[in-house]
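Each chain is listed here by its residues.
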Amino acid sequence: MNSSVVNLPSPVITPPILSQVKDEIWLRAGQWCLVALTLIYANRIARTIFRKYTFSRFSKASGCLPVPIAANPFPLPWSVGRKYEVYKASVAGDLFEGHFLRKYTKYGNTHAIVSPIMGTQKGINTVEPENIKAVLATRFDDYKRPAFRSLAAEPMLLPGLFTTDGPLWAHWRAMVKPQFTRRRFDQNIADSERHMQLVFTAFGQPKENGWTDDVDLLDHLYRLAMDTATQFLFGAAAETQTAALVRAGKIPAESYVKSLLDGFDDKFFEAASYVGHRIKLSNMYWVYDGLAYRRVCRELYAMVDVYITDVRRRSAARTEAEKEDGMHSNMVEEMEAQGASQRDMVNQTMHLLVAGMDTSAAALGWTFSMLAAHPEEYRKLRQAVMEKFGTETNRLEPFNLETLKSCEYLQWVIQETLRLFPAGPINVREAVRDTVLPVGGGPDGKGPVAVRKGARVQIGTYYTHRRKDLWGEDADEFRPDRWRGRRKGWDFTPFSGGPQVCVGQGYSITQISYTIAKFALRFDELEPSPGSNNARRKWMTVLTPGDGVKVRMHLAPEATP
Ligand code: HEM
C-alpha cells in the first residue's frame, strides 16, 4: 500500500454552496425557457410574416382591394377586448340597435377585423347579399362552421347535424332530409288540429265582452312548437301542453297523456342561456361554464333518452300496413335502419329539437307581437284568411301546404316578420383556405375582398334584412305589403341558404302558416296587454321577444266559444 496516499477528508458541501448550485440550476432553466420562448415566438412571428406575404400575394393575384378596418378600442391579445365589448353590449341589451349597428354605420357594409399586434386579418363582417351568396352557396367548400360554435354548444349539443361539417354533416343531413316531404307536412297539419285546440283551451274562456284575459302567448307557442315538431319527427307528440293544462287544473287529470318531455322547455332555456353566453364569448366560450350547466344538460339528455326509448317501443309495435304507408315512419326508425346507436339517436334528436322548437316559437311570437301592434295589418290578414278558408265553422278550403302557400297576405306577414326578426341574426363561417368575397373592397366597396384562411366571415342577417338602400326608408317598419311583387333573394336569408339551408324550412313555414290562420279565424281582434313590451330583443341561441308576447284576444262572433 502506498503510504504517500493521504487520506483527504471527504468533501462536504456546505449549505451556502448547495444553495449556489440550486440558484445556478434555476438560472440555467430560466435562460433555457427564455431561449425556448423566444424561439417559439420568433417562429410564430416569422410564420405570421410569411403568411401575411403569401396572403397579400393571393389578394393581389385575385384582384382584391383593401377593405375598411374596424378600430379596436381594447387592443388586447386573443381578441379579449372585442369579446368583452360584445359580451357587455349583449348583457346591456344593446347588441342589435347599438353595438353591431354602430360598426356597420361607421365602417360600411363590409369591413375587416384585424389582430391588434400583427394586423393579421381575423374576420370580415358583411351585410352584402352577393357575399352572403358566396359564403353559403357558390363558395360553400371554402368555408366551415367555426369550431368554437360546436364547442360552445357542448355538452348541450354533442357533434351533430347542426354543428358539424364535411362527411359527418352530410351523413346526418341525408338521414334527416327524407322525412321532410309535402305529404308528411299535410299529415302533420291534420294532426296539429288537436294541439291547436289545446292552445285555445289554455287561453281560457273569453269574458262576456268576448275578450280573453291577458295571455303571454310565448309560453303556449313553445309548447305548441314542441308538440307539433315531435309529432312530425317522431310520430309521438311530447304532449307538453296537455301536461301544462292538467297542472293548471284546466283539463281533468284523466285526459292526461303522460308527457315524457314535460319540463323540457324550462331546462332547455336554462341550458340555452349558457350556450348563448358561451357563443358570444367565441373561442373563450370555456370561461362561461359551471356545474349547474353540466347538470341541466345531463337532465335534458336523460329526458330525451326516455322519450327515444318510448318512440322505439311504439315503432316496434306498428303493424306492417302502417309501416308500409310511409306516412307514419319517423326519424328514429330512419336512424335505426341506418345503424345509429341509442346514443346517436338521442344526440340527433337534441339537435332537431334545439333547431326546430325555439326557432318556430320565436317566429310565431314575433308575428303575434307585430300583429298586435299593427291592428290594420291584422285586419287585412284576417280578411285574406277568411277569403281563402271561410270561418271556423264554415270551411271553404282544407288546410294544407298548397292552400296555405297560396294565401298571399299570410305569407307576406310571415316573411315580413322573419325579415325583421330572423331567428339567427348573425351567421358565422370560417374560411378553410384563402378565398374571395365578390364585393366590399376599394373606395366604392364594389371590388372583391380577400379572406384569409382561418378568418371568420360574420354574416349580419339582421342588418341585411334592414338595409334602407335594399328595403326602403321604412326598412325598420312592419309592412307586409312590401312583399307584393318582390322576389326573395340573397338579401333575405332567415333560413340561411345553400347546402346547409335549414332542413325544416318547408315544414316550419307550413306549420307557422297554419297556426296563424287558425288564430285569425278564431279571433277578430288582437291587442297588446297594457304596459307590455313585446318587442324587446333577447338573443340567446335564437332572437326571441325578451319579455314574452303579452296580448289579449277578442273571440270572433262566428267562432265556437
Ligand atoms: C322559423 C323557423 C326556423 C328558422 C328561422 C330556422 C333557421 C335556420 C337557420 C338560419 C339555419 C342555418 C344555421 C347555420 O347556417 O348554421 C337552420 C338550420 C337548421 N334547421 Fe332551421 N329554422 C327553423 C325551423 C326549423 C325546424 C322546425 C327544424 C326541424 C324540425 C329545423 C331544423 C334545422 C336543422 C336540422 C338545421 C341544420 C341544417 C344543416 O346544417 O344541414 N329548423 N335553421
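Our subject in this report is the structure included herewith. (Residues numbered from 1 in each chain as written. Predicted model: local features only at pLDDT ≥ 70, side-chain atom pairs only at ≥ 80, totals over all residues. Heavy atoms only, no water.)

Points about the packing of helix α14 (residues 342-373) against helix α17 (residues 408-420)
For clarity, the threshold we go by: Under this scheme, a helix contributes an axis fitted over its contacting stretch, all axes are lines through C-alpha atoms, and angles between N-to-C directions fall in the 0 to 180 degree range. To qualify as a helix, a DSSP run of H or I must reach at least 4 residues; to qualify as a strand, a run of E must reach at least 2; elements of each kind are numbered from the N terminus. For classification purposes, angles smaller than 35 degrees are called roughly parallel, those larger than 145 roughly antiparallel, those between 65 and 115 roughly perpendicular, and all remaining angles oblique. In this analysis, two residues are considered to be in contact whenever any of their non-hydrogen atoms come within 4.5 Å of each other.
Running from amino to carboxyl end, α14 crosses α17 at an angle of 105 degrees, the nearest separation of the two axes being 9 Å. Between α14 and α17, the crossing angle belongs to the class labelled roughly perpendicular. Mapping the contact onto sequence places Ala363, Trp366, Thr367, Met370 and Leu371 in α14 and Val413, Thr417, Leu418 and Leu420 in α17.

A few points about the environment of Gly290
So the rule is basically this: Only protein chains enter the accessibility calculation, which uses a 1.4 Å probe; a residue whose area is less than 20% of its type maximum is buried, one above 50% is exposed, and one in between is partly exposed.
Counting through the fold element by element, Gly290 comes out in the loop between α10 (264-280) and α11 (291-316). The exposure class assigned to Gly290 is partly exposed, which follows from its relative accessible area of 25%. Separated by 77 residues in sequence, Gly290 and Asp213 have C-alpha atoms that sit 40 Å apart.

A closer look at the sheet that holds strand β2 (residues 121-126)
Just so we agree on the cut-off: Two strands form a pair only when DSSP identifies at least two bridges running between them.
The strand order across the open sheet formed by five strands is β1-β2-β8-β5-β3, and the pairing between neighbours is mixed. A strand with exactly one partner marks an edge of an open sheet, and here the two such strands are β1 (110-114) and β3 (143-144). Pairing analysis gives four bridges linking strand β5 (residues 427-431) to strand β8 (residues 456-459), with the strands arranged antiparallel. Counted as the bridge partner of Glu430 is Arg456 from β8. Taken strand by strand, helix α3 (residues 95-107) contacts β1, β2 and β8, and its axis lies near 110 degrees from that of β1.

What about the sheet that holds strand β9 (residues 523-528)?
One open sheet holds the three strands; their spatial order is β4-β12-β9, and the pairing between them is antiparallel. Two strands close off the open sheet at either side, each with one partner strand: β4 (215-216) and β9. Taken together, the five bridges between β9 and strand β12 (residues 550-555) define a ladder with antiparallel strand orientation. Looking across to β12, one finds that Phe523 is bridged to Leu555. Those strands touched by helix α20 (residues 505-522) are β9 and β12, and its axis lies near 105 degrees from that of β9.

Overview of the coordination of the iron atom of the ligand
Filter applied, for reference: The donor definition counts N, O and S atoms within 2.8 Å of each metal and applies 3.2 Å to Na, K and Ca; water is not among these atoms, so some sites may look incomplete.
For the iron atom of the ligand, the protein supplies a single donor, Cys502 (SG), at a distance of 2.3 Å. Within the secondary structure, Cys502 sits in the loop between α19 (468-471) and α20.

Things to note about the packing of aromatic side chains
Put simply, the rule is: Here a pair means two rings of Phe, Tyr or Trp (six-membered ring of Trp) with centres within 6.5 Å. Their orientation is stacked below 30 degrees between planes, edge-to-face above 60, and tilted elsewhere. For a lysine, the NZ atom is tested; for an arginine, the CZ atom; a charge sits over a ring if that atom is within 6 Å of the ring centre and within 35 degrees of the ring normal.
Summed over all chains, the structure comprises 29 aromatic pairs. On the basis of an interplanar angle of 90 degrees and a centroid distance of 5.7 Å, the ring pair of Phe234 and Tyr307 is categorised as edge-to-face. Remark: Tyr307 occurs in helix α11 and Phe234 occurs in helix α8 (residues 217-234); sequence separation between them is 73 residues. There is no split in this pair, since Phe234 and Tyr307 are both buried. Every member of this aromatic cluster is reached through a ring pair, and the members are Phe96, Tyr104, Tyr462, Tyr463 and Trp539. Geometry around Trp471 places Arg486 over its ring, the cationic atom sitting 3.6 Å from the centre. A cation sits over an aromatic face here: Arg522 above Phe200, 4.9 Å from the ring centre.

Things to note about the site of the ligand
What counts is decided by this rule: Definition of nearness: a residue and a molecule or strand are near each other if at least one heavy atom of the residue lies within 4 Å of the molecule or strand. Any N or O atom pair separated by 3.5 Å or less is treated as a polar contact, with the protein-specific requirement of one donor-capable and one acceptor-capable atom, and with residues adjacent in sequence counted only for side-chain atom pairs. Each residue is assigned to one class: nonpolar for Ala, Val, Leu, Ile, Met, Phe, Trp, Tyr, Cys and Pro, charged for Asp, Glu, Lys and Arg, and polar for all the others, Gly among them.
Near the ligand lie 24 residues; those nearest to it are Arg145, Trp169, Arg173, Arg429 and Cys502. Trp169 is positioned such that a nitrogen or oxygen atom in its side chain is 2.7 Å from an oxygen atom of the ligand. Between an oxygen atom of the ligand and a side-chain N or O atom of Arg173, the distance comes to 2.6 Å. For the shell around the ligand, the secondary-structure elements that each account for two or more residues are α6 (166-176), α14, β5 and α20. Looking at which element gives the most residues to the shell around the ligand, the answer is α14, with five residues. A breakdown of the residues in the shell around the ligand according to their chemical character gives 12 nonpolar, eight polar and four charged.

Here we look at the nonpolar core
What counts, and what does not: The nonpolar core is taken to be a set of buried Ala, Val, Leu, Ile, Met, Phe, Trp, Tyr and Cys residues, with the residues joined through side-chain atoms within 4.5 Å.
Among the nonpolar cores identified, the biggest contains 124 residues, and Met156, Leu217, Phe264, Phe368 and Leu381 are the most heavily contacted of them. Broken down by element, this core gets its largest block of residues, 16 residues, from α14. Setting aside chain neighbours within four positions, we find Phe368 in contact with Leu217, Leu221, Ile516, Phe519, Leu526 and Val549. With 14 residues, the next largest nonpolar core counts Ala112, Leu136, Val451 and Ile459 among its residues.

With respect to the environment of Ala475
Assignment of secondary structure puts Ala475 in the loop between α19 and α20. Taking C-alpha positions, Ala475 is 21 Å from Trp539, a pair spaced 64 residues apart along the chain.

With respect to α8
To keep things clear, this is the line we draw: Expected helix span is given by 1.5 Å per residue-to-residue step, counting one fewer step than there are residues.
For α8, spanning 18 residues, the distance from its first C-alpha to its last is 25 Å, which sits close to the expected 26 Å at 1.5 Å a residue. Within α8, 17 of the 18 residues are buried, leaving the element largely enclosed by the surrounding structure. One side-chain oxygen at the N-terminal end of α8 lies 3.1 Å from the backbone nitrogen of Leu218; it belongs to Asp216. Downstream of α8 by one or two residues, Gly235 has phi in the positive range, about 70 degrees.

Comments concerning the packing of α8 against α14
Test applied: Two helices that cross are described as forming a left-handed crossing if the nearer one is turned anticlockwise from the farther one by less than a right angle, and a right-handed crossing if clockwise.
The N-to-C vectors of α8 and α14 enclose an angle of 140 degrees; their axes lie 8 Å apart at closest approach. Judged by the inter-axis angle, α8 sits oblique to α14. With respect to the hand of their crossing, α8 and α14 are arranged in right-handed fashion. Across the interface between the two elements, Leu217, Leu218, Leu221, Tyr222, Ala225, Met226, Thr230, Leu233 and Phe234 of α8 pack against Thr349, Leu352, Leu353, Met357, Asp358, Ser360, Ala361, Leu364, Gly365 and Phe368 of α14. Of the residues in the contact of α8 with α14, the class split is 14 nonpolar, four polar and one charged.

A short note on the pairing of β8
Here β2 pairs with β8 via four bridges, running parallel. Across the sheet, residue Asn125 finds its bridge partner in β8, namely Gln458.

Describing a nonpolar patch on the surface
Using the following cut-off: Residues with no salt bridge and a relative accessible area higher than 30% make up the patches, which join like charges within 9 Å and nonpolar side chains (Val, Leu, Ile, Met, Phe, Trp, Tyr) within 5 Å. The protein chains shown are the only cover counted for residues, whose accessible areas, like all others here, come from Shrake-Rupley with a 1.4 Å probe. Basic side-chain nitrogens of Lys or Arg form a salt bridge, by our definition, when they fall within 4 Å of a carboxyl oxygen of Asp or Glu.
A cluster of nonpolar side chains, contributed by Leu37, Ile40, Tyr41, Ile45 and Ile49, occupies part of the molecular surface with about 480 Å² of accessible area. Structurally, Ile49 can be placed in helix α1 (residues 15-61).

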